[in-house]
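Examining the three-dimensional arrangement
Below are the chains, spelled out letter by letter.
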Amino acid sequence: MPSAAKRLLEVTAAVSRPVLLVSLPQNDPDLGKAAVDAGAEGLKVHMNLHHAAAGVAFGSWAQEAAAIEQIIALGVPVGIVPGTADNICSPADMQAMAEAGMDFVDAYLSDMPAWMLDTQTGVHIMAAVGYQDLPPHGTPAGLALVPQVRMIEASVLPHEAYGKPLCLADVKTYAYLAEVLSPLPIIVPSQRAILAEEAASLHKVGVRGILIGAIVTGKEPAGLARATGQFREALEALV
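Residues numbered from 1 in each chain as written. Predicted model: local features only at pLDDT ≥ 70, side-chain atom pairs only at ≥ 80, totals over all residues. Heavy atoms only, no water.

1. A few points about the overall build of the chain
- Summing up its helical and strand segments, the chain has eight helices and twelve strands in all.
- Each principal axis of the C-alpha atoms in the chain carries an extent, and together these give about 40 × 40 × 35 Å.
- Relative to its full complement of 239 residues, the chain shows a buried share of 54%.
- Restricting to contacts in the chain with at least 6 residues of sequence separation, those with at least 24 account for 68%.
- When the accessible surface of the chain is split by element, carbon and sulfur atoms take 55% of a total near 10,100 Å².
- The distance from the centre of the 14 positive side-chain charges to the centre of the 24 negative ones in the chain is 8 Å. (Helix = DSSP H or I, 4+ residues; strand = E, 2+ residues; numbered from the N terminus. Buried < 20%, exposed > 50% of the residue type's maximum accessible area, 1.4 Å probe, protein only. Contact = heavy atoms within 4.5 Å. Areas by Shrake-Rupley, 256 points an atom, 1.4 Å probe, with all protein chains shown as cover. Lys, Arg positive; Asp, Glu negative; His and termini not counted. Charge placed at Lys NZ, Arg CZ, Asp CG, Glu CD.)

2. Description of the pattern of salt bridges
- One pass over the full model with this rule turns up nine salt bridges.
- E41 is paired through a salt bridge with R232; the nearest N and O atoms lie 4.0 Å apart. Of the two residues, E41 sits in the loop between helix 2 (29-37) and strand 2 (42-46) while R232 sits in helix 8 (residues 221-236), which places them 191 residues apart along the sequence.
- Where E236 meets R232, a salt bridge forms, and the shortest distance between an N and an O atom there is 2.7 Å. Taken as a pair, E236 and R232 lie in helix 8 at a separation of four residues, close to a single helical turn.
- For E236, a relative accessible area of 37% puts it in the partly exposed group. (Salt bridge = Lys/Arg side-chain N within 4 Å of Asp/Glu carboxyl O.)

3. A word on the sheet that holds strand 2
- Read once around its circumference, the closed barrel built from eight strands follows the order 1-2-5-8-9-10-11-12, with strand pairing classed as parallel. Between one strand axis and the next, the sheet turns through 25 degrees on average, direction left out of account.
- When strand 2 meets strand 5 (residues 78-81), the two strands line up parallel, connected through four bridges. Each bridged residue has a counterpart across the sheet, and for L43 the counterpart in strand 5 is V78. (Pairing = 2+ DSSP bridges. Axes fitted to C-alpha atoms, helices over the stretch in contact; angles between N-to-C directions.)

4. Observations concerning the pairing of strand 12 (residues 209-212)
- On strand 12, burial covers both faces: G209 and L211 on one face and I210 and I212 on the other are all buried.
- In terms of strand pairing, strand 1 (residues 19-23) meets strand 12 through four bridges, oriented parallel. Looking at the pairing, L20 lines up with I210 of strand 12.
- Here strand 11 (residues 186-189) pairs with strand 12 via three bridges, running parallel.

5. Considerations on the nonpolar core
- Judged by nonpolar contacts, the single largest core of 61 residues is most densely connected at L24, L43, W61, I80, M102, I152 and L202.
- Membership of the second largest hydrophobic core comes to ten residues, among which are L8, M151, I187 and L211. (Core = buried A, V, L, I, M, F, W, Y, C linked by side-chain atoms within 4.5 Å.)

In short, shape yes, function no, at least from these values alone.
Structure, rendered in structure tokens:
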């Protein structure tokens, strides 16, 4: 794996505040550059799925690789959602992604095949905890015992809750995950319409990263850069 960029795990460990990640609404190097120039400390891309919030269909690694390699070349850690359970990347894809410099893969527990835990590619695992993985439906506690899982995405809301304001119940859930899954870094995605000024509340309950996506950034470079800059400024104020 190329070593130009720090690993996301290193970035989160280097600062006391949450780090800022941007989920790109398209695998577009121009969008990636806009995010990085505005203060993104990591990026997330996608393949093998239709992204509901962005309204975009993403193709296979072969179809997306050229654009993603340009995004990786921007010099910050880049992770990828490798698909869904019925259309996930192959072991050969994982090897190719590692060779391209991909830092981590990020998928729901029910989408991630067990073989992904045992690859020798060096690509880190970010496990996405979903609504169905929380009490009373299930429990995420066992994840802390799986050594290959290095980070957690707190994707805890059902789709019908997307885009609504952040509420105390959400913050309580993030606090629960930070406690139950300590010391794994908890990354909160913008399933809610999170405001930059709410970063302080997330920081106080142990969140280690905020991942803003289409619900907060929109789909155009100007809006994405504006939202990224606002969140980075709010996070820097927490130091």
